[in-house]
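Each chain, written out:
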Amino acid sequence: MSDNQPLSADSIYAQKLTKVDDFRFDSGVANVFTDMINRSIPSYAELVKYIGLLAQRYVTEKSVVYDLGCSLGAVSLSIDQSLKNRDCTLIGVDYSQAMIERLSLVTQEYQWLHQFNSHVADIREFELQANSFTVMNFVLQFLPQEDREQMLQKVYSALNQGGALVLSEKIKLDNSQDDELIFDLHHDFKRSQGYSDLEISQKRDAIEDMMKIDSESTQLERLKSVGFSKVIKWHQAYNFVSYLAVK
Ligand code: GEK
């Protein structure tokens, strides 16, 4: 398959590396991203599809919708397809230039049903307009832990009353034995996707400093403390969960 296809296979950590550098969302990762995320996050494709369905309930006519940390735009594409007869503007933001360039490449033949704008920006610095629906699908976990509450506060403030945030995160279970078990089960899942033990451990070494995982209780308390009136966990596959938080 040519390098311009979204399905180039992820073999970034397949060979033994003398030194494992910190993980970066560079062009090497962007080129294999669709394969990488589908083989790393259980039920990723279903989750993305169902986010489109949630959008049907929360996106209001002529409103803005945000896909923060959009990578190759999977969530925006799902929402675009799902909202057939509603006028809205989709905005994708990602700080990786390589991701946004690749998003443009892989969607160049796609006919958007809604206006879609993408921006290269750090979501912590990016000003949010009033909007009805914001999605952060596995993105908050990459922010320094001390910046996460402020980011959620900003999202909450920009949402219209009755609007919703979909927040998907890898979590730590509060009970340490349960957490070890779910961690191992996720490892089994990655093996079943064709990743070797070497790939799994080198990727973990690369990512562990830049992706600090919060516990389930921290996630729930933080969403409540920024003001969301309703917070429910609507999806879970292993230790990958998604919360629906309604203003
Ligand atoms: C999907 N949502 O396919 N500002 C902007 N972008 C950021 C920041 C930041 N501070 N930190 C990380 N990113 C997508 C998947 S991937 C998840 C999201 C994963 C971006 C980063 O460049 C990358 O594209 C994305 O967040 C995380 O549904 O790789 O596990």
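Residues numbered from 1 in each chain as written. Predicted model: local features only at pLDDT ≥ 70, side-chain atom pairs only at ≥ 80, totals over all residues. Heavy atoms only, no water.

1. Focus: the pairing of strand β1 (residues 63-68)
A regular strand carries its side chains on alternate faces of the sheet. Put simply, the rule is: Burial status follows relative accessibility: with a 1.4 Å probe on protein chains alone, a residue under 20% of its type maximum counts as buried, one over 50% as exposed, and anything between as partly exposed. The way it works is that DSSP assigns letters per residue, a run of H or I at least four long becomes a helix, a run of E at least two long becomes a strand, and they are numbered from the N terminus. Pairing between two strands is assigned when DSSP locates at least 2 bridges connecting them. Assignment of crossover handedness uses the view with strands pointing away from the viewer, where a clockwise path from the first strand over the helix to the second indicates a right-handed crossover.
Across the six residues that make up β1, a large majority, six, are buried. With burial as the criterion, each face of β1 is covered, one bearing S63, V65 and D67 and the other bearing V64, Y66 and L68. Where β1 meets strand β2 (residues 88-94), six bridges bridge the pair, whose relative direction is parallel. Bridge pairing links Y66 to I91 in β2. Once the chain exits β1 it traverses helix α3 (residues 74-82) before rejoining the sheet at β2, and the crossover so formed is right-handed.

2. A few points about the site of the ligand
What counts here: Near residues are defined by distance, with any heavy atom within 4 Å of the molecule or strand qualifying the residue. We call two N or O atoms a polar contact when they sit within 3.5 Å, provided that within protein one can donate a hydrogen and the other can accept it, with sequence-adjacent residues counted only if both atoms are side-chain atoms. The method behind every accessible area is Shrake-Rupley, applied with a 1.4 Å probe, and residues are considered shielded solely by the protein chains displayed.
In the region of the ligand, 21 residues are neighbours, and Y44, G69, S71, D94 and N137 sit closest. Note that an oxygen atom of the ligand is positioned 2.6 Å from one of the side-chain N or O atoms of D94. Take D122: an N or O atom from its side chain is 3.0 Å from a nitrogen atom of the ligand. In isolation the ligand offers 650 Å² of accessible surface; the protein chains occlude 96% of this area.

3. Concerning the packing of helix α1 (residues 27-40) against helix α6 (residues 176-192)
Worth spelling out the cut-off: Axes here mean lines fitted to C-alpha atoms, for a helix over just the part in contact, with angles spanning 0 to 180 degrees between N-to-C directions. Under this scheme an angle from 65 to 115 degrees is roughly perpendicular, one under 35 degrees roughly parallel, and one over 145 degrees roughly antiparallel; angles in between are oblique. Residue contacts are counted whenever heavy atoms from the two residues lie within 4.5 Å of one another. Polar here means any residue outside two lists: the nonpolar Ala, Val, Leu, Ile, Met, Phe, Trp, Tyr, Cys and Pro, and the charged Asp, Glu, Lys and Arg; Gly therefore counts as polar.
Two numbers describe how α1 lies on α6: the axes approach to 8 Å, and their chain directions differ by 135°. Classified by the angle their axes make, α1 and α6 are oblique. Of the residues in α6, those touching α1 at N38, R39 and S40 are H186, F189 and K190. Residues of the contact of α1 with α6, tallied by class, amount to one nonpolar, three polar and two charged.

4. Focus on the nonpolar core
Here is the rule: We define the nonpolar core as a collection of buried residues of types Ala, Val, Leu, Ile, Met, Phe, Trp, Tyr and Cys that are connected through side-chain atoms lying within 4.5 Å of one another.
Counting 43 residues, the largest nonpolar core has I51, I79 and F133 as its most contacted members. Per element, the largest residue contribution to this core is seven residues, and it comes from helix α2 (residues 44-58). Apart from the residues lying within four places of it in its own chain, the contact partners of I79 are I51, G52, A55, V65, L90, F133 and V135. Counting 29 residues, the second largest nonpolar core, distinct from the first, contains V93, A121, M136 and Y243.

5. Describing the pairing of strand β3 (residues 115-120)
As paired strands, β2 and β3 are joined by six bridges and run parallel to one another. Looking at the pairing, D94 lines up with V120 of β3. For the crossover from β2 across helix α4 (residues 97-106) to β3, the handedness is right-handed.

6. Notes on unusual backbone geometry
With a phi angle near 65°, S43 is a residue other than glycine that sits in the positive phi range. Within the secondary structure, S43 sits in the loop between α1 and α2. Overall, S43 belongs to the partly exposed group, its relative accessible area being 31%. If you check the backbone angles, K62 has positive phi at about 65° while not being a glycine. Topologically, K62 is positioned in the loop between α2 and β1. You can call K62 exposed: its relative accessible area is 63%.

Purely geometric numbers; function is a separate question.
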